[in-house]
Structures are given as C-alpha cells and as structure tokens.
Amino acid sequence: MSTRSLTMVVPRDISSKYVDGFAINPSEIADNSYVNMYIHHDGYPEWQGYMLAKWVQYMQEFKGFTKFGDPSRVAAHMVKDFHYNSQYLYPSVESIDHQYTYILWTGKSDVWISCYDQYNSKNVFVLPIHKIIEKYYDETLDYSGSPWINLADTNPLNT
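Residues numbered from 1 in each chain as written. Predicted model: local features only at pLDDT ≥ 70, side-chain atom pairs only at ≥ 80, totals over all residues. Heavy atoms only, no water.

Undergrad: Could you give an account of the side chain of Asn36, with specific residues and numbers?
TA: Position of Asn36 relative to the elements: it lies in strand S2 (residues 36-39). Ignoring sequence-local partners within four residues, the contact set of Asn36 consists of Leu6, Thr7, Met8, Tyr88, Leu89, Tyr90, Pro91, Ser92 and Val93. (Helix = DSSP H or I, 4+ residues; strand = E, 2+ residues; numbered from the N terminus. Contact = heavy atoms within 4.5 Å.)

Undergrad: How would you sum up helix H2 (residues 71-81)? Please name residues and give values.
TA: Residues of H2 that are buried include every one of Pro71, Val74, Ala75, Met78, Val79 and Asp81, and no others. Looking at the buried side of H2, the elements it contacts are strand S1 (5-11), S2, helix H1 (45-62), strand S3 (87-89) and strand S4 (100-106). (Buried < 20%, exposed > 50% of the residue type's maximum accessible area, 1.4 Å probe, protein only.)

Undergrad: If you had to explain the pattern of salt bridges to someone new, which residues and values would you point to?
TA: This structure, assessed with the given rule, holds 3 salt bridges. Residue Asp110 pairs with Arg12 through a salt bridge whose shortest N-O separation is 3.3 Å. Of the two residues, Asp110 is situated in the loop between S4 and strand S5 (112-117) and Arg12 in the loop between S1 and S2; the sequence distance between them amounts to 98 residues. Asp110 gets classed as partly exposed once you look at its relative accessible area, which sits at 40%. For Arg12, a relative accessible area of 14% puts it in the buried group. (Salt bridge = Lys/Arg side-chain N within 4 Å of Asp/Glu carboxyl O.)

Below is the structure:
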C-alpha cells in the first residue's frame, strides 16, 4: 500500500489570519495554494517531510533561492524537481485521497513546513527545515535517488 501525500505552496502571511497559524487544516486555506502536488508513494514524514526539507536546503544553499519569497516560482521548481510518473497536480487538497498534506510556507528565508494527517484530522508537525532534517532522518532509508541529495549528504550531522 502506498502512503500518498499532497504538497501545497502557500504564502506564510496567510497563516496570520488564522488562530491555528501554520498548524491550520490545509482545507481551510486551499484557495491560497499555488500548487497541489500529489505524490503517490512514500508520503510519510520520514520520507516526504525529510525530502521536502532537504530540497529547500538544496535550493537555498546551491541554487540561490535564499528568500523563498515568490510562491509561484517555488511551486514551479518543486513540481519540476519532484517529478516522476506517479506525481500529479490537482485543483485542491480535497480532490484526491491522501494521508499527509505538507505546506511549504513561503515569504521568508527561514522556511517552515507543516504536515497535516488527513486521515486523523490532526497536525503532525510545524517545523523549520533544519528541525525536520534532524527529527525525521531515518538511516534505514536510501535517500540517494533524488538529485538534490547525494550519498555524502544523507546524514543530518553533515548538514
């Protein structure tokens, strides 16, 4: 069985309009997302949460996306970089069954990501990328297949 996920890209100032802030149910802010990227496999935090955080780190440190300010640009690069045959774009968070919804909060250089468990209707985490890398790195997983992660960089102590 696949652990499906969806990733949204949302300007962080949207969160200030809600009591739950970054921990908001993604359905409440779906109309503010610049993309709804569905990934069919490995959507759990130890994989997709970690991969998103490492991607942000790569984009900032090696590609010059220091501010992560333009959500349309971030969304376009994310879709391109995460593309594989079981990746799809949907009109909203409610359009496809999936367990985890990730939100990349854009607008500042200290990028935060939230993860919401759709099946249990609860927030899993709201963390800056370095905390996701520390918390969700799993040494039993082979992260080397992604272009922004190489074998020498799979250990979070090297970040």
